[in-house]
Amino acid sequence: MGSYYGYAVAATDINNDGMTDLLVGAPMFMLRDSDGRLEELGRVYVYMQNGPLDLPPQLPHLTGTQTFGRFGSSITPLGDLNQDGYNDVAISCPFGGENKQGLVLIYNGHAGGLREKPSQVIAGQWASATPSALPASFGYALRGGKDLDNNGYPDLIVGAFGADTAVLYRSRPIVNTSATLTVYPAMINPEEKVCTISRGNETLQVSCVNLSFCLSANGKHLPNHLEFNVEVQLDRLKQPQKGAVRRALFLDTQLPALQRTLTVPNGARVCSDTKIFLRDEKDFRDKLSPIFVALNFSLNPQAAADRYGLRPILNYQTAELIEQKAQILLDCGEDNICVPDLKLSVHGDRKEVYMGDDNSLTLTFNAKNDGGGAYEAELYVVLPPEADYSGIARNNESLTQLTCSYETENQTRYLSCDLGNPMKSGTSLWAGLRFTVPRLKDTHRFVQFDLQIRSKNENNSQSEVVPYKLEVVVQSDVILQGVSRPDKVFFPPPNWKLTKNVMVEQDVGPSVQHTYELVNNGPSRISHTLLQLKCPMRLQSNRLIYPLEVTTEGPVNCTTHNIVNPLNLKLQQSSTELPPLRDAAHEHHIEKRETHKGELSQLTNLSCSSVDCWTLTCNVGLLERGTSAILHVRSRIWAEAFMENPYKNFNLECLASYKVEKMPYAILPKVTPSGAKKMVTPVVWNKPDSTYAVPLWIIILAILAGLLLLALLIYVLYKLGFFKRTPYGTAMEKAQLKPQAASEA
């Protein structure tokens, strides 16, 4: 069927050159979309006549935007709608719109032809109730160019045959308006405070400048006076920002906005003057960006209609928003442009952070400005994911106490600290920030903080980014501690007798228990540790320490085969046996035996370097920071061997050692923890002449001293008359012994 080129044709002088131009509609024109598919959009071709029968096409062509809207089905000249000297045109799109209610588009003429964008779109009021219903076809027929109500402006008739309706659209009078806005002087000097404002009972001096705006209006067939609603906004760009403070206010109202109704005679110009002032510098931070002053105006919608029942309308080409800007005078020279020279150095109290630790960190920095003033200067610190901000370092009076805010933006956590507004030339300040780095991962060998000074200056506004890098280290402080119960073993053992066939553990000798505790003080974890215990076992045929039981607490697994209780002696019920206290009044009798003592008599310290030892091997599992593994070894001292060497003291030395074999991290430790603990249990003999026996001469001397003291006491009492008292007491005592009266008998 083609594009239906020529379905609608209209002729009018669009560019006011005295020659008639031609418009041709092609309502079924098709165009390929971005996917290469054909879409029916419709098109109107405009031919501008340059001379007789010389009609070159105006490019680009007017193309519809509604699929199957049939743009260009009807075209009509409208005459000069907006009274600008150029004729305008209406083009229909009868099946356009969301519900195919139909559209009529108004295109204005100008010296170059027809404008590409419509100045007005009129939508039909009759949408199809159901998809199968007949469309209203609003705009199927158009007629214009006639002033039907005699108000001096051409009107438009739109036909909608599907709704059996024709609609008359009357043109409203057009108001051509121009506005001016002036701020003088445009530079606000905060130091020159020549205006006064009142706040409560206070009168304050403020910096102020003049503001003036003017409005002129004219048009054909307009009322004699036009009413405008005028609004002036100060520091307009600060309005949408969260928490923004408007830096300028009107002097008379102390508000950032002014609203007035201005009456302007047709063809005249009306002006209004006022003053604006700058807030105190403490009330805002932004001193660099311009203060934008915006004038917005519109016709008063409540104004009375003209004698035709129509209210005027502003020319659609009128700029309804006028802007000017004022600048705050800075201490930056004649050009009012400050160029800072910002420098930053950073120092920390540590270079390493440890897996498993909170890793307290203090970063001390020096911020300098060797150039012009830096406005809204801030220290900007980007925190790594592993770190948290703790606060300002306050333990040093020489450090500046900053005000900082901790924020998150796009999963990046950062810290911003105020360095001054402005940070003046020559400023050099020291300050400290405290952090913790608790969330370390062994997949990263380093943690990095990025620090930078930033300002809002246009030129050279930032310092270089200074990274502070920390190495992630695996380290654990592991200690091995032990205790012997009892700490000494006294010989001869009480209630012990030599037995040829040892059957129960009491036949061996006195009991002793060693307890070893492997403690991980952290900060990192350890996952596998080898723990070994070596104790004297025998010297030639003499047994020394006989292990009976091994018990553990925590993740400990020991290999005890052929080491613990190799003779399978019967153990007592209680797992621990404390030796009885030595009775000082009891005298031990030792029966000497003539036996071969061998080399035992030649030694005092019985350690693994001089005697054979038994070895107990244990594997310790995962130990978190602050946890421990405990090993209890209960043994008996082989009394027979020591009874053969009476009155000779020995030291039984056990050696416990550990070595961390593995730590559960991908990062290897710089130092593998290891160490040893020596446990010495002395064997001490009680001699027959106990240290508690008193010599006879001391006893005799003590008796004589006591008798002498008693004799001296008797002599003193005799001299004092103690032994001369009467046998019946004093007279008062005798009176109290008389019998009672007979009346009382």
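The rules we used
- Residues numbered from 1 in each chain as written.
- Predicted model: local features only at pLDDT ≥ 70, side-chain atom pairs only at ≥ 80, totals over all residues.
- Heavy atoms only, no water.
- Core = buried A, V, L, I, M, F, W, Y, C linked by side-chain atoms within 4.5 Å.
- Buried < 20%, exposed > 50% of the residue type's maximum accessible area, 1.4 Å probe, protein only.
- Helix = DSSP H or I, 4+ residues; strand = E, 2+ residues; numbered from the N terminus.
- Domains from an automatic or database assignment.
- Contact = heavy atoms within 4.5 Å.
- UniProt positions renumbered as here; feature names shortened; annotations may be inferred.
- 1 Å grid on protein atoms, 1.4 Å probe; cavity = no way out; pocket = protein on both sides within 12 Å on 5 of 7 lines; lining within 4 Å.
- Points joined across faces, edges and corners; volume = space filled by probe spheres on them.
- Nonpolar A, V, L, I, M, F, W, Y, C, P; charged D, E, K, R; others polar.

**Student:** I keep staring at the nonpolar core and nothing clicks. Help me out?
**Tutor:** Side chains of a nonpolar character, in soluble globular proteins, are inclined to be buried together. Counting residues in hydrophobic clusters, the biggest one holds 82 residues, and the most contacted among them are Phe-365, Leu-379, Leu-419, Phe-449 and Phe-642. Counting residues per element, this core draws most heavily on strand 47 (residues 650-662), which supplies six residues. Looking at this core, you find at least three residues from each of domain 3 (342-473) and domain 4 (478-570 + 604-685). If sequence neighbours within four positions are ignored, Phe-365 has contacts with Leu-344, Ser-345, Val-346, Leu-379, Leu-402, Leu-419, Leu-429, Trp-430, Ala-431, Gly-432 and Leu-433. Ranked by size, the runner-up nonpolar core spans 39 residues in total, among them Ala-217, Ala-248, Leu-295 and Ile-328.

**Student:** How should the environment of Thr-551 be read in this particular structure?
**Tutor:** In this structure, Thr-551 sits in strand 42 (residues 545-553). The spatial distance from the C-alpha of Thr-551 to the C-alpha of Leu-299 is 97 Å, given a sequence separation of 252 residues. When neighbours within four sequence positions are excluded, Thr-551 is seen to be in contact with Ile-630, Leu-631 and His-632.

**Student:** Can you help me understand the environment of Gly-373 in this one?
**Tutor:** As for its placement among the helices and strands, Gly-373 is situated in the loop between strand 29 (360-369) and strand 30 (377-382). A sequence separation of 54 residues divides Gly-373 from Thr-427, and the C-alpha atoms of the two residues are 9.3 Å apart. If we skip the residues at most four places from it in the chain, Gly-373 touches Cys-338, Pro-340, Pro-422, Met-423 and Asn-457.

**Student:** Would you mind showing me how to read the UniProt feature "transmembrane region" (unreviewed entry) in the chain here?
**Tutor:** According to UniProt, the positions carrying the feature "transmembrane region" (unreviewed entry) are residues 696-718. Within the segment residues 696-718, helix and strand shares are 100% and 0% respectively, and the terminal C-alpha atoms sit 34 Å apart.

**Student:** Which parts of the structure should I look at to understand the layout of surface pockets?
**Tutor:** Of the volumes computed, that of the second largest pocket is approximately 730 Å³. Lining the second largest pocket are 27 residues; nearest its centre among them are Lys-238, Arg-285, Asp-286, Glu-376 and Lys-456. Here the lining of the second largest pocket is composed, by residue class, of nine nonpolar, six polar and 12 charged. Each of two domains, domain 2 (175-328) and domain 3 (342-473), supplies a minimum of three residues to the lining of the second largest pocket.

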